Amino acid sequence: MSIRRDFSDRKSQRAGGCERPGADGHARVAACQVIGRADDACMPPPAHRLSGPRSRALFAAACRVIPGGVNSPVRAWKRLGGHPPVIASGSGAWMVDVDGRRYCDYVLSWGPLLLGHAHPAVVAAVERAAQHGLSFGACTPGEGRLAALLCRALPSMQQVRLVSSGTEATMSALRLARAVTGRELVIKCDGCYHGHVDALLVAAGSGCATLQQPDSAGVPPAFAATTLSIPYNDITAAETAFRRHRGRIAAFIIEPVAGNMGLILPAPGYLAALRALCTRHGALLLFDEVMTGFRTAWGGYQRLCGVTPDLTCLGKVIGGGMPVGAYGGARTLMRHLAPQGDCYQAGTLSGNPVAVAAGLATLAGARRPGFFPRQAARLTRLVSGLRDAARRHGVALQLSQAGTMWGFTFTDRPVTDLICVQQSDLARWRRFTVGMLSEGVYLAPSPYEAAFWSSAHGEGEIRHTLAAADRVLAGMG
Ligand SMILES: Cc1ncc(COP(=O)(O)O)c(C=O)c1O
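Attention here is on the structure that accompanies the text. (Residues numbered from 1 in each chain as written. Predicted model: local features only at pLDDT ≥ 70, side-chain atom pairs only at ≥ 80, totals over all residues.)

Right, let's get into the overall build of the protein chain. Scanning the protein chain from terminus to terminus reveals 16 helices and 14 strands. In the protein chain, which comprises 477 residues, the proportion classed as buried is 53%. Taking as baseline every contact in the protein chain between residues at least 6 positions apart, the subset at least 24 positions apart corresponds to 74%. (Helix = DSSP H or I, 4+ residues; strand = E, 2+ residues; numbered from the N terminus. Buried ≥ 20, exposed ≤ 12 C-beta atoms within 10 Å, placed from the backbone. Contact = placed C-beta atoms within 7 Å.)

As structure tokens, then:
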């Protein structure tokens, strides 16, 4: 969970009146200054419908001492127009707020909780580790075990450096890419989020080969100008960017399955074509698997798609709910890092023993034979049920799934990139999300987020969610 959710919101607001990029990869942008047009069409629901009195009181108190009352912007629920429930506890697939309201949780801390809330094995591992000491800032046995496990699981990894967040992982991996190639520019895709790294907070939805402007106050334009943003799933735009900036691209960073604009799968052959393009131009291909790693499959989406990136970033599940990130690749690349090489990167709490223990326990659960196929099959039942319900009630709804991740967008057209989500029916998304919340189903408070599934979810949760969706969709047809 992160700053990007409001960032995404700003991207979507800017898109009013924007057209899809042309075949040459240039965006034709018209009337892009229309702010919030799609949302103005529907009034936000009154705040009291979204949270109970205790939540509201606690949130109001937090607002006095924390900017916006939250430590990461999307938690403020600005898009839903109400005050968020304040969560008291979680167990398995369920969370309870301070007013005693129960929710079947499909956010799962924005992805890390693959085994559900407070899984007994994870809690026990954390307790055991904590009894031995919280942090040493020195070598510990667990970090070597986690690194070895990651290197065995991911085709691209011979060595890995542990950090404390996904943002740290992408920031450090890009520094390494620049150190190795001696080049400055990085290509990303519109709507892909890679953490709140200064240079990656750039406007989306504009032309492929133009150097970008910052999308957040406080980011020097010179930093953002090192990033090019192009449409996802558009290989022509990628070719154009490489051609225009020949010899200057250090890396192409991408979420192999995009989980920060709903859930969008790569078009067949797209990732392989990017691989070939990067190799041809001497740039590094960087898969940001902070979300997809150990969510789409054991070893990440790279195992499923058969495309091997040069560098991979991880986070979320590998910390099991505690702060862990990682980046890694071939030994020949990783040797450029200090203390062996001259690319500096460090962290007081990197490889923290308690966080690593939570990650190892979570991955031990995910490593059981058949774990991913079993969970994916269960989630498919939920996704198919939602698709049937939408059809029954005449609501245009696109659903997607990748392993234990899923997403939904209110549109009758296939969803292939950010513009598809921006042009979807956001008023319907809000009605659905608010309706589901009041039925005890907790979905992300932004249409630009993926949803998640855990091994603690089962038939009971599927039944609860489908019954809720049936009632909510019935009022939306
Ligand atoms: C694909 C991706 N990369 C990087 C990040 C940043 O991770 P963190 O919030 O741990 O800094 C996120 C966070 O949601 C993400 O989804």
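Turning our attention to the nonpolar core. In this structure, Ala-177, Ala-251, Phe-252, Leu-284, Leu-286 and Ala-326 are the most contacted members of the largest nonpolar core, which totals 136 residues. Counting contributing residues, this core receives three or more from each of domain 1 (42-105 + 369-474) and domain 2 (120-366). Leu-286 has contacts with Ala-173, Ala-177, Ala-251, Phe-252, Ile-253, Pro-309, Asp-310, Leu-311 and Cys-313, leaving out every residue within four places of it along the chain. (Core = buried A, V, L, I, M, F, W, Y, C linked by C-beta atoms within 7 Å. Domains from an automatic or database assignment.)

This brings us to the site of the ligand. Taken together, the neighbourhood of the ligand is formed by 17 residues, with Ser-165, Gly-166, Thr-167, Gly-195 and Val-290 sitting nearest. Per element, the largest residue contribution to the shell around the ligand is 3 residues, and it comes from helix α6 (residues 166-181). Of the residues that constitute the shell around the ligand, the class distribution is 4 nonpolar, 11 polar and 2 charged. (Near = placed C-beta within 6 Å. Nonpolar A, V, L, I, M, F, W, Y, C, P; charged D, E, K, R; others polar.)

Before going further, it helps to examine the pairing of strand β3 (residues 102-105). By the bridge criterion, 3 bridges tie strand β2 (residues 94-97) to β3 in an arrangement that is antiparallel. By the bridge assignment, Val-96 is partnered in β3 with Arg-102. A loop of 4 residues connects β2 with β3, the two strands running antiparallel in sequence, and Gly-100 in this loop sits at a positive phi of about 85°. Here 2 bridges tie β3 to strand β13 (residues 441-442), and the two strands are oriented parallel to one another. Looking at β13, one finds that Asp-105 is bridged to Tyr-442. (Pairing = 2+ DSSP bridges.)

With respect to the secondary-structure elements, Gly-259 resides in the loop between β7 (249-254) and α9 (270-281). Classification of Gly-259 by C-beta neighbours within 10 Å gives buried; the count is 28. In this structure the C-alpha to C-alpha distance between Gly-259 and Met-405, which are 146 residues apart in sequence, comes to 8.3 Å. Those residues in contact with Gly-259, other than ones at most four positions away along the chain, are Met-291, Thr-292, Met-405 and Ala-450.

As far as function goes, none of this settles anything; it's purely spatial.
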